[in-house]
Amino acid sequence: MQPSDVKSRLESQIDGCEFHIQGEGCNFQVIAVGDVFDGMSPVKRQQLIYGALSDEIASGALHAISIKTFTPAQWESAPENLGA
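It should be emphasised that the depicted structure is a prediction, and the values quoted were computed from it without experimental measurement.

**Quick notes on the pairing of strand β2 (residues 27-34)**
(1) Moving on: With six of eight residues buried, β2 lies mostly within the body of the structure.
(2) Moving on: Inspection of the sheet shows β2 paired to strand β3 (residues 64-70) by seven bridges, in the parallel sense. Each residue of the ladder has a partner; that of Asn27, found in β3, is Ala64.

Okay, structure coming up:
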């Protein structure tokens, strides 16, 4: 899989989020930013992303995924955003 494949899958499953994907093969880092995460626990945020990629994980197309989620307000001061 390519980062663009992961991004397309996430965008088709989760509305109103901005996704930043890095990686190659079956190992990817996902940063998701969206209002959808407002009020969600960290576990629920992870479950939302994993759920959107469940088919790819089950098939083995995705093996290792690192996920970071932010609301737009959190993203403003996130270290991952400050260097961008």
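**Quick word on the pattern of salt bridges**
(1) Moving on: Applying the stated criterion to the full structure yields three salt bridges.
(2) Moving on: A salt bridge links Lys68 to Glu80, with the shortest nitrogen-to-oxygen separation between them at 2.8 Å. In this pair, Lys68 sits in strand β3 while Glu80 sits in helix α5 (residues 79-82), placing the two residues twelve residues apart along the sequence.
(3) Moving on: Using a relative accessible area of 28% as the deciding quantity, one classes Glu80 as partly exposed.

**Brief notes about helix α2 (residues 42-52)**
(1) Moving on: Looking at α2, one finds that the buried residues are Arg45, Ile49 and Ala52. The buried side chains of α2 occupy one side of the element, clustering within an arc of 65 degrees when seen end-on.
(2) Moving on: Elements that come into contact with the buried residues of α2 comprise α1 (3-13), β1 (17-24), β2, α3 (54-59), β3 and α4 (72-76).

**Some words on the sheet that holds β1**
Adjacent strands of a sheet form backbone hydrogen bonds with each other and so pair up, either parallel or antiparallel.
(1) Moving on: Read from one edge to the other, the open sheet built from three strands follows the order β1-β2-β3, with strand pairing classed as mixed. Each edge of the sheet is formed by a strand with only one pairing partner; in this case those strands are β1 and β3. Neighbour to neighbour, the strand axes of the sheet diverge by 15 degrees on average, direction disregarded.
(2) Moving on: Most of the contacts of α1 go to β1, to which it runs at about 150 degrees, and overall it touches β1 and β2.

**Some thoughts on the nonpolar core**
(1) Moving on: Judged by nonpolar contacts, the single largest core of 16 residues is most densely connected at Val6, Leu10, Phe19, Val30 and Ile49.
(2) Moving on: Counting residues per element, the ones that place at least two in this core are α1, β1, β2, α2 and β3.
(3) Moving on: When sequence neighbours within four positions are dropped, the list of residues in contact with Phe19 reads Lys7, Leu10, Glu11, Ile14, Val30, Ile31, Ala32 and Ile49.
(4) Moving on: Among the nonpolar cores identified, the runner-up in size contains five residues, and Val33, Phe70, Trp75 and Ala78 belong to it.

**Details of the confidence of the model for the protein chain**
(1) Moving on: Per-residue pLDDT for the protein chain has a mean of 92; in total, 98% of the residues score no lower than 70.
(2) Moving on: Across the protein chain, the element-wise mean pLDDT spans from 84 in α5 up to 96 in β2.

Thresholds applied
- Residues numbered from 1 in each chain as written.
- Predicted model: local features only at pLDDT ≥ 70, side-chain atom pairs only at ≥ 80, totals over all residues.
- Heavy atoms only, no water.
- Buried < 20%, exposed > 50% of the residue type's maximum accessible area, 1.4 Å probe, protein only.
- Helix = DSSP H or I, 4+ residues; strand = E, 2+ residues; numbered from the N terminus.
- Pairing = 2+ DSSP bridges.
- Salt bridge = Lys/Arg side-chain N within 4 Å of Asp/Glu carboxyl O.
- Arc of directions from axis to C-beta.
- Contact = heavy atoms within 4.5 Å.
- Axes fitted to C-alpha atoms, helices over the stretch in contact; angles between N-to-C directions.
- Core = buried A, V, L, I, M, F, W, Y, C linked by side-chain atoms within 4.5 Å.
- pLDDT = per-residue confidence, 0-100.

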